[in-house]
Amino acid sequence: MYTIEITGGRPLCGSTRVQGAKNSVLPILAATVLCEGTSVIRGCPYLEDVACALEILECAGCKCRREGDAVTVDASVIRKSRIPDALMHKMRSSITFLGAMTARCGKAEMSFPGGCELGPRPIDLHIKALREIGIRVTEKGGCVRAETGDFAGGRVHLDFPSVGATENLMMAATLSRGETVLTNAAKEPEICDLQSFLNKMGARISGAGTDEIRIEGVSRLHGAEHRVIPDRIVAATYLCAGAMTGGQIELRETEPEHIGAVLSVLRDTGAQVETHGDRIRLKAPSRLNAIKLLRTMPYPGFPTDAQALVTAMLTLGEGTSMVEETIFENRFKHCGELCRMGADITTRGRIAVIRGVTHLTGARVEAMELRGGAALVIAGLAAEGVTEVRGTAHIDRGYDTFLEDMQALGASIMKREAGACICQKRDEGI
Ligand code: EPZ
């Protein structure tokens, strides 16, 4: 496995594009099994998690093909509705195959999912929701079995607006024999994108983006073409990098309204942020302001996935900032590694207190999950000296051209493969 080597202290300047959204493409790939046809998903980034989703589809009997950023999935024949454990353990999003596979095949079997270690990641809300629309779900020894019972749809209230549970239920209910009303639904942009794709397949869904989603069951769906939305968390990552390196950057192919909460926090730090259509322009202040209290919340609140990036940025704030992580129990793993670089952070439970320092210093650090790993990279870009980031497999799960994009903005960053320097290469494989 490679490490990332960064020579920091250079302000990022210039313009770069933003990849398609990982957290949109993953449920949409799961949704392709809902029809006996072929779908084309455009804007599909080259990510480990996407490769895993395509492997799951192929194990089930689908034929997948990638041409550039377009992925074609022929789901005419599904031979197996049991997903191999090794693939389930690779990522959290694999659980969203439960609803789609059960609706298509009448049954599905899989182990509990893996994914970033952010604390316990139960699937009780998924299971409760599926049961409430007439799917029989049993759990035994870390394995979940589902099969359609009366499958008549129903009224479902989520105790927490879970993104994955909302997606699972939307997909399963598309082929139920009645109407489903989901309340306290997640409102993330990825939910709206999934509704858009499902309706192109012939589903009858309304209300995504609000806390009440209605799904009228239909007898069958057909293949569709769709371009996924831009990745709002990658955009947030790049903006935090620009802000903490004292740079001036422009991002293209974004949806600014998807990260309104992040843009508001960046402005509070003193950065100049302007949006023009699909572009976001940021000019860093000479010194970042601290943020008295930042609390992660379900959308449209401040996204938990951007918490590590903003925490890294606030290590250079003038004064003391406080971050409260309300979504996950253990999402401050990056803080210890940031302290190796000279940051002054104290964490207690779901609270991190960040006392701003004047500079960070390059160090050898270890990524322990996806967004925390990205936070270490952007800290390395701002730090004086050389930073080496290990555990890069975590970063590969969610970032496609991170190094290339940072190089395009003037960063000195490269992959180092066991003693050799290699530039960012893309293999054309799936
Ligand atoms: C999605 O995960 C995203 N992943 C996560 O992004 C993101 O952090 C999260 O939503 C919140 O926005 C994908 O879309 C692939 P949840 P998901 O269900 O669906 C608890 C990244 O970095 N919960 O909204 O797993 C759960 O433990 C990843 O790209 C239950 O208790 O998130 C957590 O505390 C990380 N029971 C909270 O709800 C359940 O059945 C939010 O989880 C389900 C969830």
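These remarks concern the structure in this document. (Residues numbered from 1 in each chain as written. Predicted model: local features only at pLDDT ≥ 70, side-chain atom pairs only at ≥ 80, totals over all residues. Heavy atoms only, no water.)

Topic: the layout of surface pockets
Worth spelling out the cut-off: Within this scheme a cavity is a closed region of a 1 Å grid, computed over the protein atoms alone, that accommodates a 1.4 Å probe without allowing it to escape, whereas a pocket is open but has protein on both sides within 12 Å along at least five of seven lines; lining residues each have an atom within 4 Å of a point. Grid points are joined across faces, edges and corners, and a volume is the space filled by probe spheres set on the points. By the criteria applied, helices consist of DSSP H or I runs no shorter than four residues and strands consist of E runs no shorter than two, each listed in order from the N terminus. Residue type decides the class: Asp, Glu, Lys and Arg count as charged, Ala, Val, Leu, Ile, Met, Phe, Trp, Tyr, Cys and Pro as nonpolar, and the leftover types, Gly among them, as polar.
What the largest pocket holds in volume is close to 1,000 Å³. As for the largest pocket, its lining consists of 46 residues, and the residues nearest its centre are R92, R121, V163, G164 and F328. Every element with two or more residues in the lining of the largest pocket is listed here: α1 (22-31), α5 (124-131), α6 (163-173), α8 (232-244) and α12 (370-382). Here the element with the most residues in the lining of the largest pocket is α1; it accounts for four residues. Of the residues in the lining of the largest pocket, the class split is 21 nonpolar, nine polar and 16 charged.

Re the site of the ligand
Heads up, the condition is: Only heavy atoms are used to decide nearness, and a residue is near a molecule or strand if one of them lies within 4 Å of it. Polar contacts, as used here, are pairs of N or O atoms within 3.5 Å; protein pairs need one atom able to donate a hydrogen and one able to accept it. Residues neighboring in sequence count only if both atoms are side-chain atoms. All accessible-area figures derive from a Shrake-Rupley calculation using a 1.4 Å probe, and residue coverage is judged against the displayed protein chains alone. Pocket or cavity membership: a molecule qualifies when more than half of its atoms sit within 2 Å of the grid points of that site.
Around the ligand, 23 residues are found, and the nearest of them are D124, L125, S162, D305 and I327. The separation between an oxygen atom of the ligand and a polar side-chain atom of R92 is 2.8 Å. G164 has a polar backbone atom sitting 2.8 Å from an oxygen atom of the ligand. Protein coverage of the free-state accessible area of the ligand, which is 820 Å², stands at 89%. Under a 2 Å grid-point criterion requiring more than half of the atoms, the pocket assigned to the ligand is the largest pocket. Every element with two or more residues in the shell around the ligand is listed here: α1, α5, α6 and α12. At three residues, the largest contribution of residues to the shell around the ligand is made by α5.

Considerations on the packing of α1 against helix α7 (residues 189-200)
This is how the line gets drawn: For every element, the axis is a line fit to its C-alpha atoms; helices are fit only across the contacting stretch, and the angle between N-to-C directions ranges from 0 to 180 degrees. Angle categories: roughly parallel below 35 degrees, roughly antiparallel above 145, roughly perpendicular from 65 to 115, and oblique for all the rest. Crossings are classed by handedness, with left-handed meaning an anticlockwise turn of the near helix from the far one by less than a right angle and right-handed meaning a clockwise turn. Any two residues having at least one pair of non-hydrogen atoms within 4.5 Å are treated as being in contact.
Axis separation between α1 and α7 bottoms out at 9 Å; the angle between their running directions is 30°. In this view, α1 runs roughly parallel relative to α7, as classed from their interaxial angle. Crossing of α1 against α7: the hand is right-handed. Within the contact between the two elements, α1 uses N23, S24, P27, I28 and A31 and α7 uses E190, D193, L194, F197 and L198. Grouping the constituent residues of the contact of α1 with α7 by class yields six nonpolar, two polar and two charged.

Comments concerning the nonpolar core
Which entries qualify depends on this criterion: In this text, buried Ala, Val, Leu, Ile, Met, Phe, Trp, Tyr and Cys residues form a nonpolar core when linked through side-chain atoms within 4.5 Å. Categorising residues by exposure relies on relative accessible area from a 1.4 Å probe, with only protein chains included: less than 20% of the type maximum marks a residue as buried, more than 50% marks it as exposed, and the intermediate range marks it as partly exposed.
L29, L34, L57, L198 and I213 are the most contacted members of the largest nonpolar core, which totals 74 residues. The element contributing the most residues to this core is helix α2 (residues 48-60), with seven residues. In this structure L198 touches A31, L34, M170, M171, T174, A203 and I205, once residues within four positions along its chain are discounted. Residues L288, A312, A382 and L409 belong to the second largest nonpolar core, which totals 71 residues.

Re helix α9 (residues 260-268)
Note the threshold: This arc describes the spread of directions from the helix axis toward the C-beta atoms.
What α9 keeps buried is the set V262, L263, V265 and L266. The buried residues of α9 occupy an angular sector of 160° when the element is viewed end-on, so they sit on one face. The elements touched by buried residues of α9 are α8, β15 (272-276), β16 (279-283), β17 (294-295) and α10 (307-314).

Considering the packing of aromatic side chains
Our working rule: Paired rings are identified among Phe, Tyr and Trp, the last through its six-membered ring, by centres lying within 6.5 Å, and are further divided according to the angle between planes into stacked (under 30 degrees), edge-to-face (over 60) and tilted (the rest). Two limits define a charge over a ring: the Lys NZ or Arg CZ must be within 6 Å of the ring centre, and within 35 degrees of the ring normal.
This model, assessed by the stated rule, comprises two aromatic pairs. Between Y238 and F402 the ring centres are 5.7 Å apart and the planes differ by 20°, which places this aromatic pair in the stacked class. Of this pair, Y238 sits in helix α8 while F402 sits in helix α14 (residues 402-408), and the two are 164 residues apart along the sequence. Taking the relative accessible area as the measure of exposure, Y238 reaches 0% and is therefore buried. Relative accessible area serves as the criterion here: at 2%, F402 is assigned to the buried category. A centroid spacing of 4.8 Å and a plane angle of 25° characterise the contact between Y399 and F402, whose relative ring orientation is stacked. The burial state of Y399 is the same as that of F402; both residues are buried. Members of the aromatic cluster, connected to one another through ring pairs, are Y238, Y399 and F402. The lysine or arginine in question, R66, covers the ring of Y46, its NZ or CZ lying 3.7 Å from the ring centre. If you follow K415 out to its NZ or CZ, it ends over the ring of Y2, 4.3 Å from the centre.

Quick word on the side chain of R104
Here is the rule: Charge counting treats Lys and Arg as positive and Asp and Glu as negative, with His and both chain ends excluded. What counts as a salt bridge is simple: a side-chain nitrogen of Lys or Arg found within 4 Å of a carboxyl oxygen of Asp or Glu.
Within the secondary structure layout, R104 lies in helix α4 (residues 97-105). It turns out R104 is buried and unbridged, and the closest side chain with the opposite charge, E36, is 4.5 Å from it. Polar side-chain contacts of R104 include one of 2.9 Å to the backbone oxygen of A75. There is a polar contact of 3.0 Å between the side chain of R104 and the backbone oxygen of S76. Setting aside residues up to four positions removed in sequence, R104 forms contacts with V33, L34, C35, E36, A75, S76, V77, I78 and L175.

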